[in-house]
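One letter stands for each residue in the lines below.
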Amino acid sequence: MTQNPPNGAGEATLQRRSISMLIPVYNADCSALLADLLAQAVKLEGVEWELCVAEDGSTDTGAIAANEAQLQGAHCRHLVYSQNVGRARIRNLLAREARGEWLLFIDSHMRVGKSDFLRTYLSAPDAEVVDGDYVVAADASEWSCSLRYCYEKACEHRHDAAARSKQPYAGFHTANFLVRRDFFLQNPLEESFSEYGYEDVLFGARMEQQEANILHIDNPVEFRFFESNSRFMDKTDAALRSLALHEDLLGRHSRLLTLYRCLKKWHLHLLGAALYRWRGEQLRKQLCKEDRRPSLRLFNAYRFFCFCAQKQKR
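Rules of the game
Residues numbered from 1 in each chain as written. Predicted model: local features only at pLDDT ≥ 70, side-chain atom pairs only at ≥ 80, totals over all residues. Heavy atoms only, no water. Axes fitted to C-alpha atoms, helices over the stretch in contact; angles between N-to-C directions. Helix = DSSP H or I, 4+ residues; strand = E, 2+ residues; numbered from the N terminus. Parallel < 35°, antiparallel > 145°, perpendicular 65-115°, else oblique. Contact = heavy atoms within 4.5 Å. Nonpolar A, V, L, I, M, F, W, Y, C, P; charged D, E, K, R; others polar. Salt bridge = Lys/Arg side-chain N within 4 Å of Asp/Glu carboxyl O. Buried < 20%, exposed > 50% of the residue type's maximum accessible area, 1.4 Å probe, protein only. Core = buried A, V, L, I, M, F, W, Y, C linked by side-chain atoms within 4.5 Å.

Chemist: Is there a simple way to think about the packing of helix H2 (residues 31-41) against helix H3 (residues 61-70) in this case?
Modeler: Each pair of packed helices gets described by two things: the angle between the helix axes and the distance between those axes. For the pair H2 and H3, the least separation of the axes is 9 Å and the interaxial angle reads 10 degrees. When the axis of H2 is compared with that of H3, the two are roughly parallel. For the pair H2 and H3, contact is made by Ser-31, Leu-34, Ala-35 and Leu-38 and by Ala-66, Asn-67 and Gln-70, respectively. Here the residues of the contact of H2 with H3 sort into four nonpolar, three polar and no charged.

Take a look at the structure:
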C-alpha cells in the first residue's frame, strides 16, 4: 500500500482512508483504465491505496505486457494466473489478495470519465456497498450496428442512481462498485457461476436477504468500446446457461426468469423451446451480422427461446 501525506484541505471530506482498486482481466489491454486510476490515486492525500490487476488465464501476451507496463510502482501489483477460473472466483481471489479496508472493483473494458471519480467514492456516505455503475459514452454513428451498444443504450434509463435506488438490490452490477473488504470476504461471489453472467444478480439477492446497506450514487465508469456481435451472442448464450443452471438461487431477481415462470403457467415455455429448435440458429446468425442495425425485439425473443430450450434440457 502507498500512502500520500495528508493535506488539510482534503482530509476532512474523505470518509475512507484505505482502498484497493481491483481489476480482473481476461485477454484485455486495460492500460488506459489503469492510467486513469493512477492519475487520480497519486493526488489523494492521506489515503493508503493500491492498484491490483489479475490476469485470469490471459493468453494475449501483448495485452499482458501493456498492463504490466502500467504496474511498475510499489503501490501496484500484477497477478498472473495461468488458468482461467471465471468471473466470480477471480474477484474473490483479488479480494483475498487485497490489503485495503475498501475494495473498488472495475471491469477491465471500462474507462474513468470523471476527474473526481476516486474522491467521490472515498467521500460517499457510509454503507457496506457503494455502487457507481456505468454509462454508455460512445459515438452512436460509430456503433450503430453493435448489438451490445444498442442493448446498453436501451437499458440506459436504469443506470442512474435514482432509478437503481428504487430497487437497490436488483439494480446492482459488478462493473464498478466499492465494498468493505470484510463484508465481501464474508459474502463472496458464488463460484459455481463459472460462465459469464448473473453472479452479480445473486450477490444483490444475498445482500437483500441480509438487509445489507447498499448506496447507489452517480459515479459511473464509461462504456466506450464494444465487442463484436458474435462475441456478445456467445456471452448471451453463456449467461442463459448460467441462469438456467442457477434458477433456484436467483429466484425473482431476473426479469427473464420472471417472464419464463409466468408464461410457463400456460405451457408457452414449450412453444419457446420449439421455436428455438426451429429458428434459433437462423435468428442467431441474423443477430451476429455486423453490417446492419440489430433488432432488440429479435434479440429479446432469441433470449427467451434459448432460455426455454436450456430449461427443457435440464
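Chemist: Before we go on, may I ask you to explain the packing of helix H11 (residues 229-245) against helix H14 (residues 268-288) in this structure?
Modeler: Where H11 contacts H14, the two axes come as close as 8 Å, and the packing angle between them is 135 degrees. Here H11 lies oblique to H14, going by the angle between them. For the pair H11 and H14, contact is made by Asn-229, Ser-230, Met-233, Asp-234 and Asp-237 and by Arg-284, Leu-287 and Cys-288, respectively. Across the contact of H11 with H14, the residue classes tally to three nonpolar, two polar and three charged.

Chemist: Would you mind showing me how to read the pattern of salt bridges here?
Modeler: Think of it this way: side chains of opposite charge can pair up when their charged atoms draw near. Inspection of the entire model under this criterion finds 23 salt bridges. Between Asp-116 and Lys-114 there is a salt bridge, with its nearest N and O atoms 3.8 Å apart. A relative accessible area of 36% means that Asp-116 is categorised as partly exposed. Its salt-bridge partner being Lys-311, residue Glu-247 comes within 2.4 Å of it at the nearest N-O pair. With a gap of 64 residues between them, Glu-247 in helix H12 (residues 247-250) and Lys-311 in helix H15 (residues 296-313) connect regions that are remote in the sequence. Since its relative accessible area comes to 13%, Glu-247 is described here as buried. The buried category is assigned to Lys-311, whose relative accessible area is 16%.

Chemist: It is not clear to me how the nonpolar core should be interpreted in this structure. Could you clarify?
Modeler: Side chains that are nonpolar tend, in soluble globular proteins, to be buried together. Formed by 42 residues in total, the largest nonpolar core has its most connected members in Ile-23, Leu-37, Leu-51, Leu-104, Ile-106 and Phe-117. The greatest single-element share of this core, amounting to five residues, is contributed by H2. Not counting the four nearest positions on each side in its chain, Leu-104 is found in contact with Ile-19, Ser-20, Met-21, Leu-22, Phe-117, Leu-118, Tyr-121, Asn-176, Phe-177 and Leu-178. One finds Leu-147, Tyr-198, Phe-305 and Cys-308 within the second-largest nonpolar core, a separate group that totals 27 residues.

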